[in-house]
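Chains, contacts and geometry: an overview
Take a look at the letters that make up each chain.
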Amino acid sequence: MLGSVEMREKTLREFLNYIGGERRPSRSGAWLDSVDPSTGQAWARIPASTADDVDDAVRAAQRTFNSGDWTGLPAAERAARLRSWADAIETNAEWLSEVETRDNGRPLRETRFAQLPGAAMQVRYIAGLAENIQGSTVDVRPGAFAYTRWEPVGVTALIIPWNGPLPVFFAKVAASLAAGNAIVVKPAQQATVSILEATRLFDELDIPPGLVSVVSGRGSEVGDAITGHPGIGKISFTGSTETGRRVMERATVNIKNLLLELGGKSPNIVFANADLDSAVAGVAAGIFTPNAGQACVAGSRVLIEDSVYDDFVERLATHAKSIAVGDPMDLATGMGPLATESQYDTVRSYLRLGQEEGARLALGGRTTEDLFKEGSPLRGGFYAEPSLFTTEDNGLRVSQEEIFGPVAVALPFDGEDQAVALANNTPYGLAAGVWTEDVRRAHRMADRLRAGNVWVNTYKAMHWAMPFGGHKQSGNGGTANGATALHEWMDLKSVWMNVE
């Protein structure tokens, strides 16, 4: 197991915190390894920061916010600087995508050609929202003038996940800045380097020092320091439901405003009258490719109508076997490794558990040692091939628990009512997919499914103009994206004036 390397020789490249406009190591001088999941070997070091580093970042953010150097700018000027940031993202997309892929294993063909270009376009969209922040007047009674205005929170904190660091970083930082806030960012310990490198884009922009700080380290130290810090007004956390509960508990000390985007066990529902070829490709993309099922919206429960169940399982298995699993830096790779050794161990444990529970492994089950020959540079990486369990039992742990890997469970159903009952029988409510050629059925299903996002005849379709959020244990505090996204980063003030 790789961990703290403060006693090792400095043979790895060191990446520094970004605090108050400066790059520096942690106050303690300790370091953590950053591991390349395609090889299982450390390739960089990041600061093992502590509460003192968090306090430095918060104080820098407070000074910058109180100075008015950013908050006091006209909205159009903030928007212009965000557009310059979007230009810088595009200019540096190739370099940043390579860092992201090496750090968390997401295939290069996605980070370079989808995620980074998409992030730049989303920042431009958010910049436009900054110029359209509007309050309203309220007719309360004669002789009074009443109105509302949206104002920035102050200092906000972003806790970034390891499965897609850069897109989340760019989108949330842009939204918080557009609203006029200052920001402290904590990347996931397991995938930090791309975020630290992305701060170099700020060197080219006209933003005040301290407006955005990035502090790396363990969640038990940096994360806890952020959630309990009295100088932070709002926290956005993207990650597992389990960790989200801890964030909520810590934040209650100072009654912080929270935006939580958490886990899921999403159903992807296939009716017999669907275009089965399209459904096979969509279901596979929803759970296997390109990021090995490491997505909160992964369609990990495949609900299939009885009459086409066996046929669809066979088609899905055939399709999944054609997915190239391998080096994420190779543009031909369709699915890369799991991002961390811990997640690799988790996936392997669920592959064993499913069989112990009585589910049939209809596809896959092999991991690194079985997939690569002796001497392969990938043999030490964290790979698992697409895998599929079949069962009629929705109560199994593999049917109910978020695995966060390329492992799906196929369950049969008979009719809409049973499909809805199975789909909603989960503590999560993030996403759902429906495959049918019957438009009336599509509308009925979308209405009855308890999920924040429902896709019909597609899956994992995202756009910055479309709100995104979860129900039940998949999140709270509002939604990301969309025309009202900036409101998540602002406070609403009511003003009442007597004019007579």
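Residues numbered from 1 in each chain as written. Predicted model: local features only at pLDDT ≥ 70, side-chain atom pairs only at ≥ 80, totals over all residues. Heavy atoms only, no water.

Right, let's talk about the sheet that holds strand E4 (residues 31–36) for a bit. Within the open sheet, the three strands sit side by side as E1-E5-E4. Their pairing is mixed. The two strands at the open ends of the sheet, each matched to only one other strand, are strand E1 (13–14) and E4. Sitting on the sheet, helix H3 (residues 93–104) touches E4 and strand E5 (41–47), and the angle it makes with E4 is about 95°. (Pairing = 2+ DSSP bridges. Helix = DSSP H or I, 4+ residues; strand = E, 2+ residues; numbered from the N terminus. Contact = heavy atoms within 4.5 Å. Axes fitted to C-alpha atoms, helices over the stretch in contact; angles between N-to-C directions.)

The packing of two helices is summarised by the inter-axis angle and the distance between the axes. At a minimum axis distance of 10 Å, the contact between helix H2 (residues 75–91) and helix H5 (residues 165–178) shows a crossing angle of 165°. Classed by the angle they form, the pair H2 and H5 counts as roughly antiparallel. The handedness of the crossing between H2 and H5 is right-handed. Contact with H2, carried on its side by Arg78, Leu82, Trp85 and Ile89, involves Phe169, Phe170, Val173, Ala174, Leu177 and Ala178 of H5 and no other residues of that element. (Parallel < 35°, antiparallel > 145°, perpendicular 65-115°, else oblique. Left-handed = near helix turned anticlockwise from the far one by under 90°.)

Residues of helix H14 (residues 416–424) that are buried include every one of Glu416, Ala419, Val420, Leu422, Ala423 and Asn424, and no others. Residues of H14 that are buried in the fold lie against strand E13 (267–270), strand E14 (301–305), strand E17 (407–413), helix H15 (439–448) and strand E21 (471–472). (Buried < 20%, exposed > 50% of the residue type's maximum accessible area, 1.4 Å probe, protein only.)

Scanning all chains against the criterion turns up 31 salt bridges. When the shortest N-O distance is used, the salt bridge between Arg81 and Glu77 registers 2.8 Å. Of this pair, Arg81 and Glu77 both sit in helix H2, four residues apart, which is roughly one turn of the helix. You can call Arg81 buried: its relative accessible area is 16%. Because the salt bridges share partners, they merge into one network encompassing Arg13, Glu197 and Arg200. (Salt bridge = Lys/Arg side-chain N within 4 Å of Asp/Glu carboxyl O.)

Remember that the coordinates give geometry; whether it matters functionally is a separate question.
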